Amino acid sequence: LAGESGTRLYPLTEKIPTCLLPVANRPILWYTLQHLEMSGVTAITIATTDRYQGVMQTFLQDYHDTHVNSERAEMRVFDEDQDSADILRNLRGEIKKDFILVSGDLLADFPLQRMAHIHRTNDSTVTALLLDSPPKPPPGVAVP
């Protein structure tokens with residue numbers, strides 16, 4: 001999913017989606033694609049909005065030009081008012097086997113192969129990876 005406008009990060013996201021914001025001189029999505037490819041993912045569909053279609057196309061072209069052996073990621077454009085469930089509903093005819101839904105602005109290094117193994121071993125319908133976050137401090141309490 002690569003169409004998030006990141007309203008909390010405005011004005012950084014005025015012209016590019018959150019997933020194209022740079023971290024260590026590379027767009028966040030670059031790290032996501034690298035992680036998927038190193039995990040053995042062989043088909044990647046990037047869902048974006050028409051608002052970001054141009055910058056996403058440029059990013060993908062640059063990415064594929066510098067990663068010749070990488071899997072070709074396909075880009076699909078959806079209406080800005082569609083959420084994740086709407087996008088999956090529109091792609092349902094193309095999803096033929098297990099798939100991974102990843103936010104394009106995710107920076108992580110969890111073992112996807114292990115997660116897929118657990119999913120298949122348990123014959124699961126859905127497997128979700130969640131992060132236990134620390135409780136928020138009460139209002140007015142500073143956190144170092």
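It should be noted that the structure appears before, not after, this text.
Residues numbered from 1 in each chain as written. Predicted model: local features only at pLDDT ≥ 70, side-chain atom pairs only at ≥ 80, totals over all residues. Heavy atoms only, no water.

1. Quick look at the packing of aromatic side chains
Okay, so step 1: Applying the stated criterion across every chain, the model contains 2 aromatic pairs.
Okay, so step 2: A centroid spacing of 5.0 Å and a plane angle of 85 degrees characterise the contact between Trp30 and Tyr31, whose relative ring orientation is edge-to-face.
Okay, so step 3: Since its relative accessible area comes to 16%, Trp30 is described here as buried.
Okay, so step 4: Judged by centre distance (5.9 Å) and plane angle (35 degrees), the ring pair of Phe59 and Tyr63 falls under tilted. Placement of the pair is Phe59 and Tyr63 together in helix 2 (residues 53-66), with a separation of 4 residues, close to one helical turn. (Phe/Tyr/Trp six-rings, centres within 6.5 Å; stacked < 30°, edge-to-face > 60°. Buried < 20%, exposed > 50% of the residue type's maximum accessible area, 1.4 Å probe, protein only. Helix = DSSP H or I, 4+ residues; strand = E, 2+ residues; numbered from the N terminus.)

2. Some remarks on the pattern of salt bridges
Okay, so step 1: The tally for this structure, following the rule as stated, stands at 4 salt bridges.
Okay, so step 2: Between Arg89 and Asp86 there is a salt bridge, and its shortest N-O distance comes to 2.7 Å. Pair noted here: Arg89 and Asp86 are both in helix 3 (residues 84-91), with a separation of 3 residues, about one helical turn.
Okay, so step 3: Asp86 gets classed as partly exposed once you look at its relative accessible area, which sits at 22%.
Okay, so step 4: Between Asp98 and Arg120 there is a salt bridge, with the nearest N and O atoms lying 2.9 Å from each other. You can see Asp98 sitting in the loop between helix 3 and helix 4 (112-121) and its partner Arg120 sitting in helix 4, a full 22 residues away along the chain. (Salt bridge = Lys/Arg side-chain N within 4 Å of Asp/Glu carboxyl O.)

3. Let's talk about unusual backbone geometry
Okay, so step 1: Within the chain, Ala24 stands out as a residue other than glycine whose phi angle is a positive 55 degrees.
Okay, so step 2: Looking at the secondary structure, you find Ala24 in the loop between strand 1 (22-23) and strand 2 (26-27).

4. Structural notes on the packing of helix 1 (residues 28-38) against helix 2
Okay, so step 1: Interhelical geometry of helix 1 versus helix 2 gives an angle of 50 degrees and a closest axis separation of 11 Å. When the axis of helix 1 is compared with that of helix 2, the two are oblique. Here helix 1 runs over helix 2; the crossing is right-handed. Facing helix 1, whose interface residues are Leu29, Trp30, Leu33, Gln34 and Glu37, helix 2 presents Met56, Phe59, Leu60 and Tyr63.
Okay, so step 2: Taken together, the residues of the contact of helix 1 with helix 2 sort by class into 7 nonpolar, 1 polar and 1 charged. (Axes fitted to C-alpha atoms, helices over the stretch in contact; angles between N-to-C directions. Parallel < 35°, antiparallel > 145°, perpendicular 65-115°, else oblique. Left-handed = near helix turned anticlockwise from the far one by under 90°. Contact = heavy atoms within 4.5 Å. Nonpolar A, V, L, I, M, F, W, Y, C, P; charged D, E, K, R; others polar.)

5. Thoughts on the nonpolar core
In summary, soluble globular proteins display a tendency toward joint burial of nonpolar side chains.
Okay, so step 1: In terms of nonpolar packing, the biggest core is built from 20 residues, with Leu29, Leu33, Ile44, Ile46, Met56, Phe59 and Leu60 touching the most fellow members.
Okay, so step 2: Mapped by element, the contributors of at least two residues to this core are helix 1, strand 3 (44-49), helix 2 and strand 4 (73-78).
Okay, so step 3: Here Ile46 is in contact with Ala2, Leu29, Leu33, Met56, Leu60, Ala73, Glu74, Met75 and Arg76, once residues within four sequence places are set aside. (Core = buried A, V, L, I, M, F, W, Y, C linked by side-chain atoms within 4.5 Å.)

6. Here we look at the environment of Gln82
Okay, so step 1: Take Gln82: it is sitting in the loop between strand 4 and helix 3.
Okay, so step 2: Along the chain, Gln82 and Thr49 lie 33 residues apart, while their C-alpha atoms are 9.0 Å from each other.
Okay, so step 3: Setting aside its immediate chain neighbours within four residues, Gln82 contacts Ile87 and Asn90.
Okay, so step 4: Reaching out from Gln82, the side chain makes a polar contact with the side chain of Asn90 at a distance of 3.5 Å. (Polar contact = N/O pair within 3.5 Å; in protein donor to acceptor, adjacent residues only side chain to side chain.)

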